[in-house]
Amino acid sequence: EESLEGENIKLSGKELNGWVNEMEEKLTSIRDRLDIMETEKEQMKEVWESEAGKLWLVGFRIHTNRMRRFTRRIKRQILELEELACELEGLENKLIAGAQRL
């Protein structure tokens, strides 16, 4: 929080940027886990050869593909949010500089 002439101005740009970075890290972790699951799926395919195993693999593939599409959509949204957060932080800095000149 910045204080100017007795007025409190709540800045959100830096906080938002921090949150966006946190979300990017979590998304990377999710992608890493999906990669691990894909590797484990391949290992299971070698061991579990049956009709049930084939059905499981099909279902697994469908769900992991959905998760990958979902994480790509989230990544695009996070990038857009990151851009907006940077713009917000820049605007806040300009407003503070202008207020301090008054």
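Residues numbered from 1 in each chain as written. Predicted model: local features only at pLDDT ≥ 70, side-chain atom pairs only at ≥ 80, totals over all residues. Heavy atoms only, no water.

A. Expanded view of the environment of L81. Take L81: it is sitting in helix 2 (residues 51-101). According to the relative accessible area criterion, L81 is partly exposed, its value standing at 26%. Along the sequence, L81 and N17 sit 64 residues apart, while their C-alpha atoms lie 8.7 Å from each other. Not counting the four nearest positions on each side in its chain, L81 is found in contact with L16, W19 and V20. (Helix = DSSP H or I, 4+ residues; strand = E, 2+ residues; numbered from the N terminus. Buried < 20%, exposed > 50% of the residue type's maximum accessible area, 1.4 Å probe, protein only. Contact = heavy atoms within 4.5 Å.)

B. View of the confidence of the model for the protein. Residues of the protein with pLDDT of at least 70 account for 89%, and the chain-wide mean is 82. Averaged pLDDT values for the elements of the protein fall to 47 in strand 1 (residues 2-4) and rise to 88 in helix 2. Below pLDDT 50 for its whole length, residues 1-6 participates in 15 contacts with residues either more than four positions away or in separate chains. (pLDDT = per-residue confidence, 0-100.)

C. Geometry of the packing of aromatic side chains. Throughout the structure, instances matching the rule amount to 1 aromatic pair. Here W56 and F60 contribute two aromatic rings whose centre-to-centre distance is 5.0 Å and whose plane-to-plane angle is 20°, an arrangement assigned as stacked. Here W56 and its partner F60 are both found in helix 2, 4 residues apart, which amounts to about one turn of the helix. A residue is classified by how much of its surface remains accessible, and F60, at 12% relative accessible area, is buried. (Phe/Tyr/Trp six-rings, centres within 6.5 Å; stacked < 30°, edge-to-face > 60°.)

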